[in-house]
Amino acid sequence: SYAQEAVKNFFGAIATTKKLVASEPGLYEGALRLGYLYGITQSYPDAVKAYRKAISLKPGAIEPRLGLMGILGRLQKWDDVTQEGQEVLSIDPHNLSALTQIAGAHYATKSWAEAKTDYEKVLALYPANLEMKLGHAWAQLLGGNKKAALDEFNLILTISPGNPRGLAGWRAASAKKK
């Protein structure tokens, strides 16, 4: 299936992998691969099913949970993203992908205080992560803390002058109420 994927024959890769899984139903790698391939082809319900199968085969594995989180995010099932992310963090408390996806889920649901806290967890581990700084600043702004947001947008623009999201945030945080 990898050779088929290399030439963008994703449906052929799925067919090949399904044959493998049919002959070896307990093969973790097959279930994981199907989840990935279904995700590429936007067959999201099949991807969820395949990732859940991989999780059942290797409950301590992180990779199928992260794949599942990505699919759940595409489906905008934010509570499920957060729940699955917590499962990852119970295995690996500092998993960057899980932390950032949980922050994104809270941001997407406009849970600004939770998103702010999530971004702070990531920034404690990765203080220079510009994307997380942007998310944190926007969560502060949208959560009503204009002063802290303005300070953070100033820092972002010092690090990355002209950053479009940083500029938009700075303008919004600098705006006077009419």
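The preceding data block contains the structure.
Residues numbered from 1 in each chain as written. Predicted model: local features only at pLDDT ≥ 70, side-chain atom pairs only at ≥ 80, totals over all residues. Heavy atoms only, no water.

With that settled, the discussion passes to the overall build of the protein. Counting its secondary structure elements, the protein contains eleven helices and zero strands. The linear arrangement of helices and strands in the protein, starting from the amino end, is α-α-α-α-α-α-α-α-α-α-α. A burial count over the protein gives 41% of its 178 residues as buried. When contacts within the protein are restricted to residue pairs at least 6 apart in sequence, long-range pairs at least 24 apart make up 41% of them. Counting every atom, the protein has about 9,800 Å² of accessible surface; 57% of that belongs to carbon and sulfur. Side-chain charges of the protein comprise 22 positive and 16 negative groups, with the mean position of each set lying 8 Å from the other. (Helix = DSSP H or I, 4+ residues; strand = E, 2+ residues; numbered from the N terminus. Buried < 20%, exposed > 50% of the residue type's maximum accessible area, 1.4 Å probe, protein only. Contact = heavy atoms within 4.5 Å. Areas by Shrake-Rupley, 256 points an atom, 1.4 Å probe, with all protein chains shown as cover. Lys, Arg positive; Asp, Glu negative; His and termini not counted. Charge placed at Lys NZ, Arg CZ, Asp CG, Glu CD.)

In this section: the pattern of salt bridges. Pairing between side chains becomes possible if they bear opposite charge and their charged atoms approach one another. By the definition in use, this model includes six salt bridges. Residues R33 and E5 are paired through a salt bridge, measuring 2.7 Å at the closest nitrogen-oxygen approach. With R33 in helix α3 (residues 28–40) and E5 in helix α1 (residues 2–6), the pair connects residues that are 28 residues apart, well separated along the chain. Look at R33 and you get buried, because its relative accessible area is 7%. Residues E131 and R165 are paired through a salt bridge, measuring 2.4 Å at the closest nitrogen-oxygen approach. Here the residue E131 occupies a position in helix α9 (residues 130–142), and R165 occupies one in helix α11 (residues 164–174), the gap between them amounting to 34 residues. A relative accessible area of 42% means that R165 is categorised as partly exposed. Taken together, the shared-partner salt bridges in this structure form one network comprising R52, R65 and E84. (Salt bridge = Lys/Arg side-chain N within 4 Å of Asp/Glu carboxyl O.)

Bringing the nonpolar core into the picture now. Residues L34, Y38, L68, M69, I71 and Y119 are the most contacted members of the largest nonpolar core, which totals 36 residues. Within the residue set of this core, elements represented by two or more residues are α2 (10–23), α3, α4 (44–57), α5 (63–74), α6 (78–91), α7 (96–108), α8 (112–125) and α9. With seven residues, the top contributor of residues to this core is α4. Contacts of L68, omitting those with residues within four sequence positions, involve V48, Y51, R52, I55 and E84. Counting eight residues, the second largest nonpolar core, distinct from the first, contains W138, L141, I156 and A173. (Core = buried A, V, L, I, M, F, W, Y, C linked by side-chain atoms within 4.5 Å.)

To continue, consider the side chain of Q140. Counting through the fold element by element, Q140 comes out in helix α9. You can call Q140 buried: its relative accessible area is 7%. Those residues in contact with Q140 that lie beyond four places of it in its chain are K116, N145, A148, A149 and E152.

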